[in-house]
Each structure stands twice: as C-alpha cells, then as structure tokens.
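# Notes for the structure review
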Amino acid sequence: MTQPGDGVRAGTVPFGLVDVVGPSMVPTLREGDQLLVRYGARIRPGAVVLFRHPFQQDLLVVKRAAERRANGWWLLSDNRPVDSDSRSYGAVPDELVLGRVLLRLRPRPAWLAPGRRLERLLLTPRLARVPGLARRLGVWVDAGL
C-alpha cells in the first residue's frame, strides 16, 4: 500500500511522489520508503508499478508487473508470503495502472526502472555473475514471475 507524498499529483504533471506503507514489497521496498512515479509510463513485465486497488479504488498500491493478460496486468508482491496481490483480486485493468516507479528517493536512493539495453547487459552471463549487481540497478530476475 502507498499514500500520496507531498509531491505533484497524477493528471497535472507526469511525475509524483508516494510513500510505502506495509511489507508487501520487501526486500525491494520497505515501510517509509519514498518513491518517484512516472504517471502514464509504459509498463512492461518486471516493472514496479503504482495502481488503484481494484476493490478499493481510493487505495494506491505498489506491486511488480508479472505479466500482461487479456484482462489487465497480473501484479505480484515481491514478498511472496504476502498474497494481497493478483492472487487474491485477479488481473488489474489497464485503466487502474497509474504509472511506473522510477526510483526510491529515501532513505537510500535506488534506481528501479532500467532501460531495456541496460537490463539485457546486466543479464549477460559475465555480468550476471556479479552478486547483486542487477538488483542494485533495478533489474528483477525471479523464476516465479
């Protein structure tokens, strides 16, 4: 779950700030992290996204886009024991997906939205051997996705 920060709001400028509440995205995100979101950004599998909860649309939520389905995005928690994600409410319609999380601003800045070229480079056999490098630069590799 998230709550709007003191930044700009969707609809006026393409960027906004949100604060993380709850443990569903641990280890990637933790309670109190502040995120920069690009509203209307193109979503692709593996991206961390901000969306309106399908059953409680005044609630903003951050999850990982696992895959695109016919009826919307299948969104999952990084903290797999927490099942308050598409496993409980199904695919999230496109109109409820607000944008892509670009980076964590606090407590420690971290890029969460690498470009495709950087992703491919970090996943080459040579660089994939460097422990934690891909993850530190925002590439999420999980066999469960």
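Just above sits the structure.
Attention in this report is confined to the structure presented alongside it. (Residues numbered from 1 in each chain as written. Predicted model: local features only at pLDDT ≥ 70, side-chain atom pairs only at ≥ 80, totals over all residues. Heavy atoms only, no water.)

### Points about the packing of aromatic side chains
So the rule is basically this: Classification of ring pairs rests on two measures: the distance between centres of Phe, Tyr or Trp rings, Trp counted by its six-membered ring, which must be within 6.5 Å, and the angle between planes, read as stacked under 30 degrees, edge-to-face over 60 and tilted in between. A run of H or I in DSSP becomes a helix once it reaches four residues, and a run of E becomes a strand once it reaches two; helices and strands are each numbered from the N terminus. Any residue under 20% of the maximum accessible area for its type is buried, any over 50% is exposed, and the rest in between are partly exposed; the area is computed with a 1.4 Å probe on protein chains only.
Taken as a whole and assessed by the stated rule, the structure comprises two aromatic pairs. Pairing F51 with Y89 gives two aromatic rings, centres 6.3 Å apart and planes at 55°, and the pair type is tilted. One end of the pair, F51, is in strand β4 (residues 48–52); the other, Y89, is in helix α1 (residues 86–89), with 38 residues separating them in the sequence. When the ring of F55 is compared with that of Y89, the centres are 6.5 Å apart and the planes differ by 90°; the resulting orientation is edge-to-face. Taken as a pair, F55 in the loop between β4 and β5 (60–69) and Y89 in helix α1 lie far apart in primary sequence, 34 residues in all. Looking at Y89, the relative accessible area reads 9%, which means it is buried.

### Here we look at the pattern of salt bridges
A side chain with one charge may pair with a side chain of the opposite charge, provided their charged atoms come close. Filter applied, for reference: When a carboxyl oxygen of Asp or Glu is within 4 Å of a side-chain nitrogen of Lys or Arg, the pair counts as a salt bridge.
For the coordinates displayed, the defined rule picks out six salt bridges. Between R106 and D19 there is a salt bridge whose closest N-O contact spans 3.5 Å. Linking R106 in strand β7 (residues 97–106) with D19 in strand β2 (residues 15–20), this pair joins segments that are 87 residues apart in sequence. Residue class for R106 comes out partly exposed when judged on its relative accessible area of 38%.

### Some points on the side chain of T28
Selection rule: Pairs of N or O atoms are called polar contacts if they sit within 3.5 Å, as long as, within protein, a hydrogen donor faces a hydrogen acceptor (for residues adjacent in sequence, only side-chain-to-side-chain pairs).
Looking at the element boundaries, T28 is found in the loop between β2 and β3 (34–39). Within the structure, T28 has its side chain in polar contact with the side chain of D78 (distance 2.5 Å).

### Details of the environment of P23
Counted only if it meets this: Note on definitions: a residue-residue contact is assigned when non-hydrogen atoms from the two residues lie within 4.5 Å.
Turning to its location among the elements, P23 is positioned in the loop between β2 and β3. C-alpha of P23 to C-alpha of S77: the two residues are 54 residues apart in sequence and 9.1 Å apart in space. Ignoring anything within four residues of it in the chain, the contact list for P23 reads N79 and V82.

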